[in-house]
Amino acid sequence: MSSRDFFAFMLVCLFWGLNFVVAKFAVTGAPGWVPGFEGVPPIGFAFLRFAVLAVLLLPFLRPWPRQWLTLAGVALGMGAAQYTFIFIGLQTATPSAMALVLQSGVPMVTLLSVVWLKERIGWVRGGATVLAILGVVLVVANPAELTLSVGLLFGLAAAFVASVAMILIRRIDMKPMRLQAWIGLLSSPVLLIGTAAFESGQVEAVTAGGWMFLAALFFTVVLVNIYGHGVFYFVLQKYETTLVAPLTLMAPLIGVVSGVMITGDRFGPTLVVGGLMTLLGAGIVASRPNKQLPKAPLVREESL
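Rules behind the numbers
Residues numbered from 1 in each chain as written. Predicted model: local features only at pLDDT ≥ 70, side-chain atom pairs only at ≥ 80, totals over all residues. Heavy atoms only, no water. Helix = DSSP H or I, 4+ residues; strand = E, 2+ residues; numbered from the N terminus. Buried < 20%, exposed > 50% of the residue type's maximum accessible area, 1.4 Å probe, protein only. Contact = heavy atoms within 4.5 Å. Areas by Shrake-Rupley, 256 points an atom, 1.4 Å probe, with all protein chains shown as cover. Lys, Arg positive; Asp, Glu negative; His and termini not counted. Charge placed at Lys NZ, Arg CZ, Asp CG, Glu CD. Axes fitted to C-alpha atoms, helices over the stretch in contact; angles between N-to-C directions. Parallel < 35°, antiparallel > 145°, perpendicular 65-115°, else oblique. Left-handed = near helix turned anticlockwise from the far one by under 90°. Nonpolar A, V, L, I, M, F, W, Y, C, P; charged D, E, K, R; others polar. Phe/Tyr/Trp six-rings, centres within 6.5 Å; stacked < 30°, edge-to-face > 60°. Expected span 1.5 Å × (residues − 1). Salt bridge = Lys/Arg side-chain N within 4 Å of Asp/Glu carboxyl O.

(A) Region of interest: the overall build of the chain. Across its full length, the chain carries 13 helices and two strands. Principal axes of the C-alpha set define a box for the chain whose edges measure 55 × 55 × 40 Å. Taking all 304 residues of the chain together, the buried fraction comes to 53%. Sequence separation of 24 or more characterises 86% of the internal contacts of the chain that already satisfy a separation of 6 or more. Counting every atom, the chain has about 13,500 Å² of accessible surface; 71% of that belongs to carbon and sulfur. Separation of charge centres in the chain, based on 18 positive and 11 negative side chains, amounts to 13 Å.

(B) Structural context of the environment of I262. Mapped onto the fold, I262 is located in helix α11 (residues 250–262). Using a relative accessible area of 36% as the deciding quantity, one classes I262 as partly exposed. Note: C-alpha distance between I262 and V21 (241 residues apart in sequence) is 7.6 Å. Discounting chain neighbours no more than four positions away, the residues touching I262 are L18, V21, P31 and W33.

(C) How the structure looks around the packing of helix α2 (residues 42–56) against helix α3 (residues 68–89). For the pair α2 and α3, interaxial distance at closest approach is 9 Å and the crossing angle is 140°. By the angle class used here, α2 and α3 are oblique. Considering only the axes of α2 and α3, their crossing is right-handed. In this structure, α2 contributes P42, I43, F45, A46, R49 and F50 to the contact, and α3 contributes M78, G79, Y83, T84, F87 and I88. Considered class by class, the residues forming the contact of α2 with α3 number nine nonpolar, two polar and one charged.

(D) Representation of the packing of aromatic side chains. Within this structure, the stated rule accounts for 16 aromatic pairs. Between F25 and W33 the ring centres are 5.1 Å apart and the planes differ by 45°, which places this aromatic pair in the tilted class. The class for W33 is partly exposed, based on a relative accessible area of 39%. Taking 4.8 Å as the distance between ring centres and 50° as the angle between the ring planes, the aromatic pair formed by F45 and F87 counts as tilted. Of the two residues, F45 is situated in helix α2 and F87 in helix α3; the sequence distance between them amounts to 42 residues.

(E) A look at α11. The terminal C-alpha atoms of α11, which comprises 13 residues, lie 17 Å apart, in line with the 18 Å expected from a rise of 1.5 Å per residue. Listed in full, the buried residues belonging to α11 are A251, P252, I254, G255, V256, S258 and G259. Those residues of α11 that are buried are in contact with α1 (3–28), α4 (95–101) and α12 (269–287). Directly after α11, the chain includes G264, whose backbone phi takes a positive value near 70°.

(F) Up close: the packing of helix α5 (residues 105–117) against helix α6 (residues 123–140). Packing of α5 against α6 leaves a shortest axis separation of 9 Å and a crossing angle of 135°. Between α5 and α6, the angle is such that the two are oblique. Once α5 is placed against α6, the crossing between them reads as left-handed. Counting all contacts with α5, which are made through P107, T110 and L111, the residues of α6 involved are R125, T129, A132 and I133. Class assignment for the residues of the contact of α5 with α6 results in four nonpolar, two polar and one charged.

(G) The arrangement of the pattern of salt bridges in detail. Evaluation of the coordinates by the stated rule reveals two salt bridges. Between D5 and R4 there is a salt bridge; the shortest N-O distance is 3.7 Å. Of the charged contacts in the structure, one is a salt bridge between D5 and K238, with a shortest N-O distance of 2.8 Å. Of this pair, D5 sits in helix α1 while K238 sits in helix α9 (residues 202–238), placing them 233 residues apart in sequence. Salt bridges here are not isolated pairs; linked through shared partners, they connect R4, D5 and K238.

Don't take any of this as a statement about function, it's just geometry.
Written out as structure tokens, the structure is:
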């Protein structure tokens, strides 16, 4: 990989990693950048994210798709459902732990491809899948107190629905930006109904967040999604998936570091050991090709 492409891609990973802290701020107000701001309701924030995304990517909607039912499943899995779970989870979970737990999507989609697509995996990829899952379990659970993090369970649910959507996406022949445009357009009304039915005080919360909240919204839509996907797919067209996918693990690593440094996440042995197991297992899986679903290691990147 050329140095120019490498540094451009690392900038994308930086944005993706910092996004966990930015999203935490958007739904909780932490780490207190705006006094009195306690966050926008999670479904409401998800609605704003996808509504703005749909508007900005409006030119990419044409031509009209044919596989509406499959597209709707993909949009709800990678859009409305996944981000509702992530943002609800971030109300109580730390950004660093969420960054690691969402990596469970890589082994999940591998297992789903075995069940649904009859993919065959060797002992190396199988062992790495088990290692990643055990690492996630260690991060989610608290062995000393025999408790589970409810917020991170929502993170696991987000990874699962994104993995199911990744299996469905193989049936759709659609360019990445066009797919993102349709995810935004189809997710927005579902999320609008959800936030109207189950949440309140959305307008007041956005007003309280002021320009910092608007900056967070700009960051997650323009830099994380539009710019990030633009560079990501440019790099993916030039280089093999087995080279690009392992490099994306820089994003959760940056997510962990930024969570510890910015929001003061606890950096204990459970997070360290579980995180290393998760990243190592996901990295091995990502570096070995999936014959039935070549983009399986990119499940997280497909849905950012």
